[in-house]
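Residue-level structural notes
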Amino acid sequence: MKSQVDLGVPIPPHKALVTRVIKQVTKEQRERALQETEYNVFSFPSDLLFLDFLSDSGTTTMTDLQWSALFHGDESYGRNKGYYVLLDAIRDVFERGDSPKKSIELLLSGVDDVERLMNELYLVPYEEGFVNGGIHQLDRPNAFIVPQGRCAEFLLFSTISKILHKRDSNLEYYIPNNGHFDTTEANIVASGLHAVNLFDKNIILEEFPLESVEMSNPFKGNMDIRLLKEFIKEISLEQIPLIYLTITNNTAAGQPVSLKNIQTVSEISHENNIPLFFDACRFAENAYFIKLYESDYRSWSIKKIIQKMFSYADGFTISFKKDGLANMGGGLFFRDKGVFQTNFSENSDIGTQLKVTQILTFGNDSYGGLSGRDIMALAAGLYEGTKESYLANRLRQTRYFAKELAIREIPVILPPGGHAVYIDMNRFFEGIDMKIEDYGGLGFTIELIRHFGVRSCELGPFAFEWDQKTNEQREGILNVVRLALPRNAYETSHIDYAVAAIAELYKNREKIPKVEIARGRNLPLRHFQTGLKPK
Ligand SMILES: *Cc1c(COP(=O)(O)O)cnc(C)c1O
């Protein structure tokens, strides 16, 4: 008899506790809704869809442990209970590796020994990590909870920009990254700094053999080390206040970054006394890629890999809406007494300056714009989203989706990243009269909703404003449609329906209409706002 592991089919990681019925909407009803929402997929009512792959952000189905933690939410204005367990969950996940303390269990199990709660949770001093505790968090704040990732970016860049421009208002400042997310770049630019991308778009589109998808991974999300070295040589060091690494690299089709790449970028940063920050959205998925495909770490636990990854960072911004952690939440954390703090605390402590902005914009530091319920669900979610069985299933499902598309000769980017599959629209429309400015990707997303009730998202010439860019800027724009997978929401049957729908669309691709922008061509962040019209 074979063992359970040798059966050749994975052990299911979860079962449903609550289900939501999908409404049996007709094509005619969707057609009317499309017309009345100007064919913009962001404006289409989600209740009228069968499947929604618009985003993986905040769309997670929470686990029973998260729902039960939510009931322990404490809506006090100052120092709610969840604040303490959230900070300790962050220490557990990012710093404690295989030895987490799980102090959240003190609350969930109803411990009423007051001395114990004081000594193990409420009054414990910590310092020199990402999350000071007790008196040290008051004296040198370094942990900032906010509603979502972009708020953390705003806090960081608006604050350091003031410091930098006070230091020397005549200098230009640059933040290099393996791939800035759109809000990260927008926050950098809005603060008067420059955002620089150091990855090669052609690597992402490079062909990868379908039969190798399970076996190996080229870590296409890596920062291009040659470009980083050249960049540091060209620009004076005082003009590079931070180096950023996005894990996984969302802008580069959600591709992972190797631990080797993290180590090298860290070495270069620290040789030059530049702090290294992570945009840590999807760090857990990235850690699982490292375990699967970087041979040195095959026998390591996910917890230990995450600890290792973050040992190279001086700080990080994060959206907790990713990685299945929670439906809402974000944060900014930096190493106490580390390079970042030293470099930015010349006149007054950088943490104290960040805290002032946090209070002005998101409320006091113990809730940061979140309800006590959100905070508890997030604290529990940090443990749920870093479990190996969950992550294994997550990446297996994304691979399954990509492989099923590839088998039907649909030009999907291989290997897939962690959170989404991306279809290359240039190859999709090969041999058909569809120019870049005909927005074939938009036609694809509209027809996929119209005929089959499946929502996807164009991330190409429309979203990145091809018509408003210089030839050089156009070089960096991929022409892709993304289908992002909500976590724990869909089973194989859902993916099979989506694959069948996309395959049918592919067969009939010459019928996909060209699309024009009918209203709001020049609006900022126009993909959320404009009206469209299929021709
Ligand atoms: C989603 C995301 C952000 C921004 O987070 P929000 O919670 O949407 O504000 C930043 N960086 C990356 C890589 C992301 O995927």
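In the block above lies the structure referred to throughout.
Read on for a plain summary of the structure. Computed from a predicted structure; not experimentally measured.

**Side note on the overall build of the protein chain**
- Counting secondary structure elements, the protein chain contains 21 helices and 14 strands.
- The C-alpha atoms of the protein chain give a radius of gyration of 23 Å, which matches the 24 Å a tight globule of 535 residues would have.
- Expressed along its principal axes, the backbone C-alpha trace of the protein chain runs to roughly 70 × 65 × 50 Å.
- Relative to its full complement of 535 residues, the protein chain shows a buried share of 57%.
- A separation of at least 24 residues holds for 73% of the contacts in the protein chain among residues at least 6 apart in sequence.

**Quick notes on the pairing of strand 12 (residues 480-484)**
- In terms of burial, strand 12 is largely enclosed, as five of its five residues are buried.
- The alternating pattern of strand 12 places V480, R482 and A484 on one face and V481 and L483 on the opposite face, and all of these are buried.
- For strand 9 (residues 420-424) and strand 12, the ladder comprises five bridges, and the chain directions are antiparallel. Among the inter-strand pairings, I423 is bridged to a residue of strand 12, identified as V481.
- In this sheet, strand 12 lies alongside strand 11 (residues 457-459) in antiparallel orientation, the contact comprising three bridges. Paired with E458 across the two strands is V481, which belongs to strand 12.

**Regarding the pattern of salt bridges**
- In the structure shown here, the tally under the stated rule is 36 salt bridges.
- The partner of E127 in a salt bridge is K337, with the nearest N and O atoms 3.3 Å apart. A residue pair is termed long-range when its members are at least 10 positions apart, and E127 in the loop between helix 5 (114-122) and helix 6 (135-139) and K337 in the loop between strand 8 (330-334) and helix 14 (339-344) qualify at 210 residues.
- Note that K507 and E504 form a salt bridge whose closest N and O atoms lie 3.6 Å from each other. Of the two residues, K507 and E504 both sit in helix 21 (residues 492-507), three residues apart, roughly one turn of that helix.
- A relative accessible area of 62% places K507 in the exposed class.
- Within the structure, one salt-bridge network assembled from shared partners comprises E127, E128, D139, R140, D336 and K337.

**A closer look at the packing of helix 19 (residues 440-452) against helix 21**
- Packing of helix 19 against helix 21 leaves a shortest axis separation of 10 Å and a crossing angle of 115°. Classified by chirality, the crossing of helix 21 by helix 19 is right-handed. In this structure, helix 19 contributes F444, E447, L448 and F452 to the contact, and helix 21 contributes Y497, A501, I502, E504 and L505.
- A breakdown of the residues in the contact of helix 19 with helix 21 according to their chemical character gives seven nonpolar, no polar and two charged.

**So, the site of the ligand**
- In the neighbourhood of the ligand, 14 residues make up the surrounding shell, with R150, D279, R282, S319 and K322 lying closest.
- For the ligand, a nitrogen atom lies 2.7 Å from a polar atom in the side chain of D279.
- Within the side chain of R282, one N or O atom sits 2.8 Å away from an oxygen atom of the ligand.
- Within the complex, 98% of the 380 Å² of free accessible area of the ligand lies under protein.
- For the shell around the ligand, the element with the highest residue contribution is helix 7 (residues 149-167), accounting for three residues.
- A per-class count over the shell around the ligand returns two nonpolar, six polar and six charged.

**Notes on the packing of aromatic side chains**
- Under the defined criterion, the tally for this structure stands at 28 aromatic pairs.
- Summarising the aromatic geometry, the rings of F144 and F334 are spaced 6.4 Å apart at their centres and angled 25° between planes, so their arrangement reads as stacked. Placement of the pair is F144 in strand 2 (residues 143-146) and F334 in strand 8, with a sequence separation of 190 residues.
- In this structure F144 comes out as buried when scored by relative accessible area, which is 0%.
- Members of the aromatic cluster, each reached through a chain of ring pairs, are F94, F130, F278, F283, F310, F316 and F333.

**Considerations on the sheet that holds strand 11**
- On the basis of which strands lie adjacent, the open sheet formed by three strands has the order 9-12-11 and antiparallel pairing. A single partner strand is all that each edge strand has here, and the edge strands are strand 9 and strand 11. The average undirected angle you get between the axes of adjacent strands in this sheet is 35°.

**Details of the nonpolar core**
- Judged by nonpolar contacts, the single largest core of 75 residues is most densely connected at F94, F278, F283, M309, F310 and L382.
- Here this core takes nine residues from helix 3 (residues 81-95), the largest share from any one element.
- Apart from residues lying up to four places away in sequence, F283 is in contact with V93, F94, I247, I306, M309, F310, I318, D323, L325 and T386.
- Within the second largest apolar cluster, 36 residues are counted, among which are A406, M434, F444 and I502.

**A look at a nonpolar patch on the surface**
- A cluster of nonpolar residues, V114, M118 and L123, forms a patch on the protein surface that exposes about 270 Å² of accessible area.
- In this fold, M118 is placed in helix 5.

**Section: the pairing of strand 6 (residues 276-279)**
- Burial along strand 6 is two-sided: the residues L276 and F278 and F277 and D279 are all buried.
- Here strand 5 (residues 243-246) runs beside strand 6; their pairing, made up of four bridges, is parallel. Paired with L245 across the bridge in strand 6 is F278.
- You can see the chain leave strand 5, run along helix 11 (residues 259-271) and come back into strand 6, and the turn it takes is right-handed.
- Relative to strand 7 (residues 315-319), strand 6 is paired through three bridges, and the arrangement is parallel. Within strand 7, the position partnered with F278 by the bridge is F316.

**So, helix 13 (residues 302-311)**
- I302, I305, I306, M309 and F310 are the residues of helix 13 that are buried. Along the long axis of helix 13, the arc covered by the buried residues comes to 125°, so they all point the same way.
- On its buried side, helix 13 packs onto helix 3, helix 11, strand 6, helix 12 (283-293), strand 7 and helix 17 (388-407).

Parameters at a glance
- Residues numbered from 1 in each chain as written.
- Predicted model: local features only at pLDDT ≥ 70, side-chain atom pairs only at ≥ 80, totals over all residues.
- Heavy atoms only, no water.
- Helix = DSSP H or I, 4+ residues; strand = E, 2+ residues; numbered from the N terminus.
- Rg over C-alpha atoms; globule rule 2.2 N^0.38 Å.
- Buried < 20%, exposed > 50% of the residue type's maximum accessible area, 1.4 Å probe, protein only.
- Contact = heavy atoms within 4.5 Å.
- Pairing = 2+ DSSP bridges.
- Salt bridge = Lys/Arg side-chain N within 4 Å of Asp/Glu carboxyl O.
- Axes fitted to C-alpha atoms, helices over the stretch in contact; angles between N-to-C directions.
- Left-handed = near helix turned anticlockwise from the far one by under 90°.
- Nonpolar A, V, L, I, M, F, W, Y, C, P; charged D, E, K, R; others polar.
- Near = heavy atom within 4 Å.
- Polar contact = N/O pair within 3.5 Å; in protein donor to acceptor, adjacent residues only side chain to side chain.
- Areas by Shrake-Rupley, 256 points an atom, 1.4 Å probe, with all protein chains shown as cover.
- Phe/Tyr/Trp six-rings, centres within 6.5 Å; stacked < 30°, edge-to-face > 60°.
- Core = buried A, V, L, I, M, F, W, Y, C linked by side-chain atoms within 4.5 Å.
- Patch = residues over 30% accessible without salt bridge, like charges linked within 9 Å, V, L, I, M, F, W, Y side chains within 5 Å.
- Right-handed = clockwise from strand over helix to strand, strands pointing away.
- Arc of directions from axis to C-beta.

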